[in-house]
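Inside the fold
Here's the letter readout for the chains.
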Amino acid sequence: MNGRLFFWAITSALAGFLFGFDTVVISGAEQRIQALWSLSPAIHGVALGAALYGTVLGSLTGGIPADRFGRKPTLLWIGILYIASAVGSALAWNVEVFILARFIGGVGIGVSTVVAPMYISEIAPPAHRGRLAGMFQFNIVFGIVVAFLSNALLAGIGDDAWRWMLGVAAFPSIAYTLMCLALPESPRWLLTRKGDRAEGLRVLALIEPGASPSQLQQHADEIIAASSRQTAAKGFWSARLRVPIMLAFLVAFFNQLSGINAILYFAPRIFELTGLGSRAALLQSVGIGITNLIFTFVGLWLIDRLGRRTLLTIGSFGYIASLGLCAWAFFAHHYAIVPACIFAFIAAHAIGQGTVIWVLISEIFPNQYRATGQSLGSATHWIFAALLTTVFPAVVSTVAPGYIFLFFCGMMVLQLIWVRTMVPETKGVPLEEIQRRLGLEA
């Protein structure tokens, strides 16, 4: 792997860092914001959820500018949205401005989950595609940890600490935006959307410096031919694309039905159910972030060695064991083992679904429909995340926690069956070859 390619992948993956940072940084500011503007519980909920609503919109529409204007301009505009959100949130003089600023940042998050993994997938060589595209998830988790640390460092600087907590995101956002200026356009977009063969060949030569001119010409011909066959076929919502559509939907569906967002967002509340004090519960939550980071790194190290399907299988067994034990612990009142089960659950998620989801979705669609397919998978993820996050507080207050964890465990049994019977292995396979293996050729 050449250094230039690694820099491009890191730059695109930094959108994930901003995503993770922006998602979590609000946790350090929300109580002060509620007190400052005397927000009712309903308005406070809207203010906190504004970014999530924007994320759903961004994920639904992110494929449109990526196809129309290109991957690079869209990545650049993600940075501009993040800058606007950070500055607007920090300077907000009323709750309406704050909600708008957070919503804009959420749109940037949603678009980033569509475009960044897709761009990396389109420029990466097959042997390193999983590791490079998986860096998006690693950066999300890294951003979450940095946000916790940033909030802790800024918490004691005065009444306006919350403004600095939110505004500091402008600095990495500016750095990311400037780095995007050095990105080339995706060669697959140039060849199949813009029809600029000369520029497409130039970028392919940068990606594959050891390839001869004839090899580059052949690679370009394969990309164009695969796209042409899909263009001649019916549109996105067709029986021909039913396999990748179902794969994208189900990997995102099962990702959320593991309970990951509920556990990440409400970890202190879950730990308090075991009898821990609020401070101890908060410290356990920080440990979750660190565990997530460490095992995401392990997943990145394994994804191009063991493969996507194997990691999903390992993660499924880890889910089932940890969630099953957690349910039993609540039923049997053995609360002391619950934290260990939660940490094991986080590790299983990080190695399996957490590492694989954005990689797999970015690989399984043909060039012509990759942006739309990525948007489908991303939107499914965020819609179920929003639903789960909305209903979880009400459910946990009325249903015994053992039953909740048992439900999540049952869903992961279904995921294991799905992985072993329906999910193909894409490790080391060129994107156009994946298209053929999924039966998408005319």
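First, a word on what this report is: a plain description of the structure on this page. Quick caveat, the model's predicted, so the values are computed rather than measured. Numbering of residues starts from 1 in each chain and follows the order in which that chain's sequence is written. Selection of residues for local features in this predicted model requires a pLDDT of at least 70, selection of side-chain atom pairs for listing and counting requires 80 or more, and totals for whole chains, interfaces and linings are taken over all residues. Just so you know, side-chain values use all the structure's heavy atoms and leave hydrogens and water out.

1. A short note on the overall build of the protein chain
Just so we agree on the cut-off: A helix here means a DSSP run of H or I that spans at least four residues, while a strand means a run of E at least two residues long, and both kinds are numbered starting from the N terminus. For every residue, the accessible area obtained with a 1.4 Å probe (protein chains only) is divided by the maximum for its type, and the residue is called buried under 20%, exposed over 50%, and partly exposed between those limits. Only the protein chains shown count as cover for residues, and all accessible areas are computed by the Shrake-Rupley method using a 1.4 Å probe.
Across its full length, the protein chain carries 21 helices and zero strands. Considering the protein chain as a whole, with its 442 residues, one finds that 56% of them fall into the buried category. A total accessible area of about 17300 Å² is found for the protein chain, and carbon and sulfur atoms account for 70% of it.

2. Quick notes on unusual backbone geometry
The backbone of His333 shows a phi angle near 65 degrees, a positive value even though the residue is not glycine. When you line up the elements, His333 lands in the loop between α17 (308-332) and α18 (338-363).

3. So, the pattern of salt bridges
Going by this rule: We count a salt bridge whenever a side-chain nitrogen from Lys or Arg sits within 4 Å of a carboxyl oxygen from Asp or Glu.
In the structure shown here, the tally under the stated rule is seven salt bridges. The residue Arg71 makes a salt bridge to Glu122 at a minimum N-O spacing of 2.8 Å. Of this pair, Arg71 sits in helix α5 (residues 71-91) while Glu122 is found in helix α6 (residues 95-123), placing the two residues 51 residues apart along the sequence. Among the residues examined, Arg71 registers a relative accessible area of 1% and is labelled buried. Given a relative accessible area of 2%, Glu122 falls into the buried group. Measuring nitrogen to oxygen at the nearest pair gives 2.9 Å for the salt bridge that ties Arg370 to Glu122. Placement of Arg370 in helix α19 (residues 370-398) and of Glu122 in helix α6 is noted, with a sequence separation of 248 residues between them.

4. What to know about a nonpolar patch on the surface
Applicable threshold: The patch calculation keeps residues exceeding 30% relative accessible area without a salt bridge and links them within 9 Å when they carry like charges or within 5 Å when they are nonpolar (Val, Leu, Ile, Met, Phe, Trp, Tyr).
A cluster of nonpolar side chains, contributed by Phe331, Val391, Val395, Val399, Tyr403 and Leu406, occupies part of the molecular surface with about 500 Å² of accessible area. Those elements that place two or more of their residues in the nonpolar patch are α19 and α20 (401-422). For Tyr403, the position within the fold is in helix α20.

5. A closer look at helix α13 (residues 242-257)
Inclusion rule: Take the number of residues in a helix, subtract one, and multiply by 1.5 Å to get its expected span.
Compared with the 22 Å implied by 1.5 Å per residue over 16 residues, the 22 Å span of α13 between its first and last C-alpha is a close match. Of all 16 residues in α13, twelve are buried, a share of seventy percent or more. Listed in full, the buried residues belonging to α13 are Pro244, Ile245, Leu247, Ala248, Leu250, Val251, Ala252, Phe253, Phe254, Asn255, Gln256 and Leu257. Of the residues one or two after α13, Gly259 is the one with positive phi, at around 95 degrees.

6. A word on the side chain of Gln415
Here is the rule we go by: We call two residues contacting when some pair of their heavy atoms lies within 4.5 Å.
Here Gln415 is to be found in helix α20. Look at Gln415 and you get buried, because its relative accessible area is 1%. Contacts of Gln415, omitting those with residues within four sequence positions, involve Phe254, Leu312, Ser316, Tyr319 and Gln353.

7. Thoughts on helix α9 (residues 170-180)
Heads up, the rule is: Taking the helix axis as origin, the arc is that swept by the directions to the C-beta atoms.
Among the residues making up α9, those that are buried are Ala170, Ser173, Tyr176, Thr177 and Cys180. One face of α9 carries all of its buried residues, which in axial projection span an arc of 125 degrees. With respect to the buried face of α9, the exposed residues turned more than 90 degrees away are Phe171 and Leu178. Residues of α9 that are buried make contact with α1 (3-25), α5 and α8 (161-167).

8. With respect to the side chain of Ser59
Convention followed: Side-chain atoms alone can form a polar contact between residues adjacent in sequence; in general such a contact is a pair of N or O atoms within 3.5 Å, and within protein one must be able to donate a hydrogen while the other accepts it.
Turning to its location among the elements, Ser59 is positioned in helix α3 (residues 41-61). Overall, Ser59 belongs to the buried group, its relative accessible area being 0%. A polar atom in the side chain of Ser59 sits 2.8 Å from the backbone oxygen of Val56. If we ignore the near neighbours within four places in the chain, the residues touching Ser59 are Gly110, Val111, Thr113, Val114, Ser375, Ser378, Ala379 and Trp382.

9. Digging into the nonpolar core
Which entries qualify depends on this criterion: By nonpolar core we mean a set of buried residues, namely Ala, Val, Leu, Ile, Met, Phe, Trp, Tyr and Cys, connected to one another through side-chain atoms within 4.5 Å.
By size, the foremost hydrophobic cluster in this structure holds 119 residues, and its most contacted members are Leu75, Phe98, Leu323, Phe405 and Trp418. Not counting residues within four places of it along the chain, the set of residues in contact with Trp418 comprises Leu247, Leu250, Val251, Phe254 and Val423. In terms of nonpolar packing, the next biggest core, distinct from the first, is built from six residues, Leu191, Leu204, Ala220 and Ile223 among them.

10. Quick word on the packing of aromatic side chains
Just so we agree on the cut-off: Stacked, tilted and edge-to-face pairs are distinguished by plane angle, under 30 degrees for stacked and over 60 for edge-to-face with tilted covering the rest, among Phe, Tyr and Trp rings (Trp via its six-membered ring) whose centres lie within 6.5 Å.
Under the counting rule described, the total for this entry stands at 16 aromatic pairs. Between Phe249 and Phe384 the ring centres are 6.3 Å apart and the planes differ by 70 degrees, which places this aromatic pair in the edge-to-face class. Here the residue Phe249 occupies a position in helix α13, and Phe384 occupies one in helix α19, the gap between them amounting to 135 residues. Under the relative-accessibility criterion, Phe249 is labelled partly exposed at 30%. Measuring from centroid to centroid gives 5.8 Å for Phe407 and Phe408, while their planes differ by 55 degrees, and the two rings are tilted. The exposure class assigned to Phe407 is partly exposed, which follows from its relative accessible area of 46%. The class of Phe408 is buried, set by a relative accessible area of 3%. Ring pairing ties together the aromatic residues Phe17, Phe21, Phe138, Phe142 and Phe297, which thus form one cluster.

11. Quick notes on the environment of Val359
Along the chain, the position of Val359 falls in helix α18. The buried category is assigned to Val359, whose relative accessible area is 1%. For the pair formed by Val359 and Gly130, sequence separation is 229 residues and the distance between their alpha carbons is 6.0 Å. Residue contacts for Val359: discarding those within four places in its chain leaves Gly130, Ala133, Gly134, Ile303 and Arg308.

12. Let's talk about the packing of α1 against α5
Helices that pack against each other are described as a pair by the angle of their axes relative to one another and the distance between those axes. For clarity, the threshold we go by: What counts as an axis is a line fitted to C-alpha atoms, over the stretch in contact for a helix, and the angles between N-to-C directions run from 0 to 180 degrees. Note on angle classes: values under 35 degrees are labelled roughly parallel, values over 145 roughly antiparallel, values of 65 to 115 roughly perpendicular, and the remainder oblique. By the definition used in this description, the sense in which the near helix is turned from the far one sets the handedness, with an anticlockwise turn below a right angle giving left-handed and a clockwise turn giving right-handed. Residue polarity is assigned by list, with Asp, Glu, Lys and Arg as charged and Ala, Val, Leu, Ile, Met, Phe, Trp, Tyr, Cys and Pro as nonpolar; anything else, Gly included, falls into the polar class.
Their axes nearest at 10 Å, the elements α1 and α5 cross at an angle of 25 degrees. With respect to α5, the axis of α1 lies roughly parallel. The hand of the α1/α5 crossing is left-handed. Contact with α1, carried on its side by Ser12, Ala15, Leu18, Phe19 and Asp22, involves Leu75, Tyr82 and Ser85 of α5 and no other residues of that element. A class-by-class count of the residues in the contact of α1 with α5 yields five nonpolar, two polar and one charged.

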